[in-house]
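These are the residues of each chain, in order.
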Amino acid sequence: MTNWVHAGALEELKEEGAKVIKGGIAVFYHEEKVYAVDNRCPHMGFPLHMGSLCDGILTCHWHHARFDVCSGGTLDPWADDVPTYPVKLEAGEIYVNPKQASKGDAERHFQRLHEGLEQNLSLVIAKSVVALVEAGVPDVQIARVGLEYGTTYRSGGWGSGLTILAAMVNILPKLDHYNRILALYHGLTRVAADCSGRPPKFLMQALPNDDVTIDRLTTWYRQCIEVRDTQGAERVLLTAIRSGIDKRSILDMMLMAATDHFYLDGGHTFDFHNKAFEMLEKAGDELAERVLASLVPLLGNPSRSEERHSWLHPINLVTPLHQAFEELPKLAERSVEQCLELDEGEFIHQLLGDQPLAAIDAITQALLGGAAPVHVARLVALAAAERINRFHTQNDFGDWIAVLHTFTHAHAVHESLLRGANDLAIRAIYYAGVSIYLDRFLNIPAASPPTPEKYGSYGYTTDLNELLELMDQRQRVAEAANWVAHYLDQGGDAEPLFNTLGHSLLREDAEFHSFQMIEAAIQEYDHWSNISGTFANQAKRTMILATTRYLAAHAPTAREQSHIARIAWRLQRGERLFKDE
């Protein structure tokens, strides 16, 4: 009897109908039997003893979730099952075993996660994520569920939801335990929302002939994409995968097609390719067919920037780019002796200037002069981040997205080259360079940088809660940047700052681009951390200030999503969300 809790006399319960005993357990007398369930409604924690019991169905009076009082099973999937407890009677006295009759394991939580994704139920997804993380399930295994679901149940292919999931997985190492839960939750709920109401994606069949060279398949794939034949392109892609051709060659084939035309869909196409490749590396090649095939629909009808007026008038930027591309084969002919030292500061200055032909030529000369394409791409991403730092808040609010697109595209190019993309992918460096030029008007006038003279009189401390309080107020862009600059000048550690910036994002009902922003900035910061010197230190500072300004511009929001996650967290920890007076 040591494990059993006395719940009173049976006759008393018959009169009362329901009572709450130690441990937050609700005990009911119904149809001549005694039942015990967790008193917290699994939906949002309302006390179930205040509900009603009729025909074996216990109904919560808050959102009217219904439960089989015997098994705890719910008739409303959005509510989840309520835990039940063993009951026994001895000499007219009731005893309840506080150990749950059945306790869900990881397999059950994975099942519920699938159900949450299928029905687009944020609270179910949140509770599943909390339970899986608390059970010690690796983050990548949890994210893999979303990756597989999102590439299966969205006919339109890879979208913003999967991009958010990939971005959040990338920054998990920078976050504490609770923020990791929030990051996975946001990613998975965005995948669910992105797929909701859409038909699934059915894979095409590979070609019958699996003895085709990668060169021939690459030619076919690019030809199909050129004429927007996504069905043919998918069959070629699946043939390459099933033929056992190495993944590096397949990714090169796809990036060639994604860069044959200029800056597709404002940079999103290349960025989405990069995110899919990153997730595939983490999740494993078993999902290669679904993940890579999900990218093909993006090439069906994207905007091609060489057809846009801004790329052709008043200055024709298309012809100089084609001329520059004719020089790229010479990269293979360079010798070590021909390598020239690149003046990084001057290179950035040219990219941010108002002479686009000089910027294009600077990229070409840097590459032909011996600078590694990865080095050039890293500097282009830095210049794009500087556009965000100089973005003046008197611009239209929607123009934040313009400078963001350039930066995230430049970051994706950098990551792809780090992964070893072939020479044709280098064309995307130029696309980012031209976009940096086209964004120049958004820096006129340029926002002034934080200086000690500006923030010295504010009395800032290095308490990171101060930064969160600033971001509780709308459009405190300059103030947030000043605070972070002061924090860094005082020797503040970047790692807890990243966790705080992560939390400032994850507590919001953030829009898609904010997730892109923080991930790209953190990744670029880490790349510069591998380089010593004053220039690298300034580059790291640029990345931190850029993400601070962007996040501050887009906060606060209603914070509904983080509220749902908090409820799930508290329910998992056994907290009482409602207390009796």
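The protein is annotated in an unreviewed UniProt entry as Rieske (2Fe-2S) protein of Paenibacillus apiarius. The record in UniProt for the protein states the following under Sequence similarities (unreviewed entry): "Belongs to the bacterial ring-hydroxylating dioxygenase ferredoxin component family." Its UniProt record gives the protein a comment under Cofactor (unreviewed entry), which states: "[2Fe-2S] cluster".

1. Side note on the side chain of Thr 364
Along the chain, the position of Thr 364 falls in helix H15 (residues 356-368). When its relative accessible area of 8% is taken as the criterion, Thr 364 is described as buried. A distance of 2.7 Å separates the side chain of Thr 364 from the side chain of Tyr 430, its partner in a polar contact. Those residues in contact with Thr 364 that lie beyond four places of it in its chain are Ala 324, Glu 327 and Tyr 430.

2. Regarding the layout of surface pockets
Volume-wise, the second largest pocket comes out at about 420 Å³. Along the wall of the second largest pocket there are 25 residues; nearest its centre are Asn 389, Ala 447, Ser 448, Pro 449 and Pro 450. For the lining of the second largest pocket, the secondary structure elements donating two or more residues are helix H16 (373-390), helix H19 (452-455), helix H21 (477-489) and helix H24 (534-553). Residue composition of the lining of the second largest pocket, by class: ten nonpolar, nine polar and six charged.

3. Re the sheet that holds strand S3 (residues 25-30)
Think of a sheet as strands paired side by side through backbone hydrogen bonds, with each pair either parallel or antiparallel. Here three strands make up an open sheet; going across it, the order is S2-S3-S4 and the pairing antiparallel. Each edge of the open sheet carries a strand with a single partner, namely strand S2 (18-21) and strand S4 (33-38). Sheet twist, expressed as the average angle between the axes of neighbouring strands with direction ignored, equals 25°. Relative to S3, S2 is paired through four bridges, and the arrangement is antiparallel. Residue pairing for S3: Ile 21 is matched across the bridge by Ile 25.

4. What about the sheet that holds strand S5 (residues 52-54)?
Spatially, three strands are ordered S5-S6-S7 in an open sheet, and the strand pairing comes out antiparallel. Every other strand in the sheet has two partners, leaving S5 and strand S7 (66-68) as the edge strands with one partner each. Strand after strand, the sheet turns through a mean of 25° between neighbouring axes, direction not considered. Where S5 meets strand S6 (residues 57-59), three bridges bridge the pair, whose relative direction is antiparallel. For Cys 54, the partnering residue across the bridge sits in S6 and is Ile 57.

5. Focus on the packing of aromatic side chains
This model, assessed by the stated rule, comprises 15 aromatic pairs. Taking the centre distance of 6.1 Å and the plane angle of 50° together, the rings of Phe 262 and Trp 311 count as tilted. Taken as a pair, Phe 262 in the loop between helix H9 (247-259) and helix H10 (268-283) and Trp 311 in helix H12 (residues 309-312) lie far apart in primary sequence, 49 residues in all. Per residue, the accessibility class of Phe 262 equals that of Trp 311, and both read buried.

6. Some details on the packing of helix H8 (residues 230-242) against H9
Remark: H8 packs on H9, axes separated minimally by 10 Å, with the N-to-C direction vectors making an angle of 165°. In terms of orientation, H8 lies roughly antiparallel with respect to H9. Between H8 and H9 the crossing geometry is right-handed. In contact with Leu 237, Ala 240 and Ile 241 of H8, H9 contributes Ile 250, Met 253 and Met 254.

7. Thoughts on the environment of Leu 312
Counting through the fold element by element, Leu 312 comes out in helix H12. Judged by relative accessible area, Leu 312 falls into the partly exposed class, the value being 26%. Along the chain, Leu 312 and Val 27 lie 285 residues apart, while their C-alpha atoms are 75 Å from each other. Not counting chain neighbours up to four residues away, the residues in contact with Leu 312 comprise Glu 306, Glu 307 and Val 318.

8. Here we look at empty space enclosed by the protein
Within the structure shown, the criterion is met by three cavities of 30 Å³ or more. Of the voids in this model, the largest cavity is the one considered here, and its volume is about 50 Å³. Along the walls of the largest cavity sit Ser 504, Leu 505, Glu 508, Ala 510, Ser 514, Leu 551, His 554 and Ala 555, which together make up its complete lining. Broken down by class, the residue content of the lining of the largest cavity amounts to four nonpolar, three polar and one charged.

Rules of the game
- Residues numbered from 1 in each chain as written.
- Predicted model: local features only at pLDDT ≥ 70, side-chain atom pairs only at ≥ 80, totals over all residues.
- Heavy atoms only, no water.
- UniProt positions renumbered as here; feature names shortened; annotations may be inferred.
- Helix = DSSP H or I, 4+ residues; strand = E, 2+ residues; numbered from the N terminus.
- Buried < 20%, exposed > 50% of the residue type's maximum accessible area, 1.4 Å probe, protein only.
- Polar contact = N/O pair within 3.5 Å; in protein donor to acceptor, adjacent residues only side chain to side chain.
- Contact = heavy atoms within 4.5 Å.
- 1 Å grid on protein atoms, 1.4 Å probe; cavity = no way out; pocket = protein on both sides within 12 Å on 5 of 7 lines; lining within 4 Å.
- Points joined across faces, edges and corners; volume = space filled by probe spheres on them.
- Nonpolar A, V, L, I, M, F, W, Y, C, P; charged D, E, K, R; others polar.
- Pairing = 2+ DSSP bridges.
- Axes fitted to C-alpha atoms, helices over the stretch in contact; angles between N-to-C directions.
- Phe/Tyr/Trp six-rings, centres within 6.5 Å; stacked < 30°, edge-to-face > 60°.
- Parallel < 35°, antiparallel > 145°, perpendicular 65-115°, else oblique.
- Left-handed = near helix turned anticlockwise from the far one by under 90°.

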